[in-house]
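# Secondary and tertiary structure notes
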Amino acid sequence: MALTPQQRAADLVSRIPVANKWRLFGNSAGNIPSLQIPSYQWWSEALHGVAGSPGVTWAAPTTCATSFPQICTTGASFDTDLWEQIGQVISTEARAFSNAGHAGLTFWTPNLNIFRDPRWGRGQETPGEDPYLTSQYVRHYVYNLQYSSEDPKRLKMSSCCKHYAAYSLENWGGNDRCSFNAVVTQQDIADTYFPAFEACISPAGAAASGIMCSYNAVNGVPSCANSFLLTDTARNKWSFNGYITGDCGAVSCVQNNHHYTNNSDDTCKAVLTAGLDIDCGDFLPNNLAAAVSHNAVSMATVDHALTNLYAVLIRLGLFDPEEVQPYRKIGPDQINTPSAQALALRAAREGLVLLKNEGSALPLSKTLGSIAIIGPNAMATTVMQGNYYGTACSLTSPLVAIKNVISNVNYAQGSTIQTLDQSGFEAACTAAKSSSATVFIGGITNDIEAEGHDRDSIAWPGVQPQLIERLTQCSKGPVILVVMGGGTVDMTAQRDNANVSAIIWAGYPGQAGGQAIADVLFGTVSPAGRLAQTIYPAGYVNQVKMSDMGMRPSSVNPGRTYRFYPGPVVYPFGTGLSYTTFTYKWSNTSVWSIPADLVHKNIGDESSFLTSPALASVTAVVTNTGKVASDCVVLAFAVGPDAGKNGNPIKSLFGFKRIFTLNPGQEATVTFPVTSYDLSYVHNNGSRASAPGDWLFEVEGAITKINVEA
């Protein structure tokens, strides 16, 4: 009988000389000369394409990679098929890099933390603020990163779910991520912070083979020394099968920043006994031998961690003959193929969100006499990649793409992103006065939001709003805004200004972002993306500290995200217009009442939202009542009894579907299953219970209901 990867790994570890074991506990793992095992770099990145990282080499024949939109834009597509195809392409290109000796096979992606606060510098890396959306994203994306029918016995690459858990603060208000203690209620853990991680690592979800524990502590215990997170929940409750790495430097943070331990022996013991397997850094390689010699850590604990590590490398095929592995045949000719380029363009098009379109100002005519292109992001190239990006094989700026459509383009930068210099306003107005339409392309960049850097303000930076206001006064034609950025800016003034005709949110749209923007502006495609985050007024951030992890309203917190914040917003989660019109109605509800006991039966401690059976279904009918063929994103929300009261969500997304190319007059039906998890609430202690009463299911104002009978 063939040995399992875990058994093979245990045998291998038993043969490693003890003196060689310590060097294996850092991301730059040393070689094992006696076994002819070379060194290995665990740290490679592929958030939205193979990305710059210690494990990745940009040299012939792997000089570039397909650069898909940043995840904030991809999430706004609400397209599960797209997420799957992106996963397949990235894993193929990752294999091509690896086969050329230019990358490992352990890629630390995705970031599935909830974008709970608009100031967070890394919110751009996530699908958005909703736990259901994020869970669905990781299920479809991660599974297709790792698994393929080409070789069902092996992983194509290893995905690492990060940052576990409750991580969404970089450096704000004197709180640094390496020392921050995230105080989180059991209620918020259960229904906001945990679901995406369960979806990522559970065998019933994406079955990822890696977890990265985060810098922060959770309720007083550093994540990388937290046995409740790493062992009790991930391995024992969710049946995680893989390795656990600390974020880079996080093991050192346990001792030197959190002061959870006060010596290296105790630190090694704390992280390894909690369930950590490897350190991104050199704390464990430098201190573990001494910890073992001092009897703080047993060799059994050391070997257990190494076995977890090598089991993943064995599942990747690193110790199997090359000739029996289809993935070893993937070459550099499969990087940035025509189909990958088309997919990057599709992703960028699908993620653009039309927020405003007064008087059907868009789409612009391709026979427009002239156009003014203004703004600090008009010539953006690498800016469109966001962070955690690689060398793109091509990057087309919006300005260049628009010039390919309209020959008479009048360009002026007008302003920078964040300086107060207004000297470019006159040139911008000169261009706008002489053009049939004006497009302003601005927003924010990684200079303002990034890893290690949160924002203090969500207002427009610099003098961009003043420039926009000036353009509305001097432009001959309509003024259209294209806003880039992972986090959003307060667009209240622009929303309410009748002279701003249209607003497009673009996020960071990747290598084909410029082309996608031009395609939407000129109607080559109709936009259908939906906001995956709430756009708040600037004053929102004055109402709640970023360090307050609570999702629900309190005396010091107005609530977070569309699920718990009842106050005024600029644009709510789910906003997104089209160049056509749609009507929505419910056509069928399979049952009208369900006993509360039946609901409760499927939400016990041993149950999971990933496997909960459907108790009912609701079917929506969508009809294109306009004159333009367009995709349509259908978002279905559940509104329970006492919604918005006593800590209950105002509403919660429980289903979505992107319908492709719905022609004028054509209708489509979408059926959403309703499970016990859609008919229940999480209580203060983190337990879930049925909620008797009428549950309303809403799609764009159309409502049907199911009664949960007490």
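Calculation criteria
Residues numbered from 1 in each chain as written. Predicted model: local features only at pLDDT ≥ 70, side-chain atom pairs only at ≥ 80, totals over all residues. Heavy atoms only, no water. Axes fitted to C-alpha atoms, helices over the stretch in contact; angles between N-to-C directions. Helix = DSSP H or I, 4+ residues; strand = E, 2+ residues; numbered from the N terminus. Parallel < 35°, antiparallel > 145°, perpendicular 65-115°, else oblique. Contact = heavy atoms within 4.5 Å. Nonpolar A, V, L, I, M, F, W, Y, C, P; charged D, E, K, R; others polar. Pairing = 2+ DSSP bridges. Disulfide = S-S within 2.5 Å. Buried < 20%, exposed > 50% of the residue type's maximum accessible area, 1.4 Å probe, protein only. Right-handed = clockwise from strand over helix to strand, strands pointing away. Salt bridge = Lys/Arg side-chain N within 4 Å of Asp/Glu carboxyl O.

For the pair helix α10 (residues 264-274) and helix α11 (residues 283-293), interaxial distance at closest approach is 9 Å and the crossing angle is 105°. Considering their axes alone, α10 and α11 lie roughly perpendicular with respect to each other. Of the residues in α11, those in contact with Ser264, Asp265, Thr267, Cys268, Val271 and Leu272 of α10 are Phe283, Leu284, Asn287, Leu288, Ala290 and Ala291. Grouping the amino acids of the contact of α10 with α11 by side-chain chemistry returns 8 nonpolar, 3 polar and 1 charged.

Turning our eyes to something else, we now look at the sheet that holds strand β9 (residues 217-218). As a general point, the strands of a sheet are linked pairwise by backbone hydrogen bonds and lie either parallel or antiparallel. Ordered by their spatial adjacency, 3 strands build an open sheet running β7-β9-β10, and the pairing between neighbours is mixed. What marks the edges here is a single partner per strand, and that holds for β7 (181-182) and β10 (221-222).

What follows deals with the state of the cysteines. All told, the structure shown has 6 disulfides when counted by the stated rule. Disulfide partner of Cys161: Cys200, at an S-S distance of 2.0 Å. With the S-S bond torsion at -75°, the cross-link from Cys161 to Cys200 turns out left-handed. You can see Cys161 sitting in strand β4 (residues 158-164) and its partner Cys200 sitting in helix α7 (residues 195-201), a full 39 residues away along the chain. Accessibility expressed as a relative area gives 0% for Cys161, which makes it buried. The buried category is assigned to Cys200, whose relative accessible area is 0%. The disulfide partner of Cys178 is Cys253, and the S-S distance across this bridge is 1.4 Å. Linking Cys178 in the loop between β6 (175-176) and β7 with Cys253 in helix α9 (residues 250-256), this pair joins segments that are 75 residues apart in sequence. Judged by relative accessible area, Cys253 falls into the buried class, the value being 4%. In the protein chain, the bonded cysteines, taken in the order they occur along the sequence, pair up as 1-10, 2-4, 3-8, 5-6, 7-9, 11-12. Here Cys72 stays free of any disulfide, with the sulfur of Cys200 as its closest cysteine sulfur at 19 Å.

Turning our eyes to something else, we now look at the pairing of strand β14 (residues 409-412). Pairing geometry for strand β13 (residues 371-374) and β14, over 4 bridges, is parallel. Residue pairing for β14: Ala372 is matched across the bridge by Asn410. The handedness of the β13 to β14 crossover, carried by helix α14 (residues 398-403), is right-handed.

A few words now on the pattern of salt bridges. Counted by the stated rule, this structure contains 27 salt bridges. When the shortest N-O distance is used, the salt bridge between Arg552 and Asp188 registers 2.5 Å. Of this pair, Arg552 sits in the loop between α18 (513-521) and α19 (561-564) while Asp188 sits in helix α6 (residues 186-193); the two residues are 364 residues apart in sequence, bridging distant segments of the chain. Overall, the relative accessible area of 10% leaves Arg552 in the buried class. The salt bridge partner of Asp496 is Arg495, with a shortest N-O separation of 2.8 Å. Exposure remark for Asp496: the relative accessible area of 53% places this residue in the exposed category. Sharing partners across several salt bridges, the network here consists of Asp79, Asp81, Arg346, Glu350, Asp631 and Arg658.

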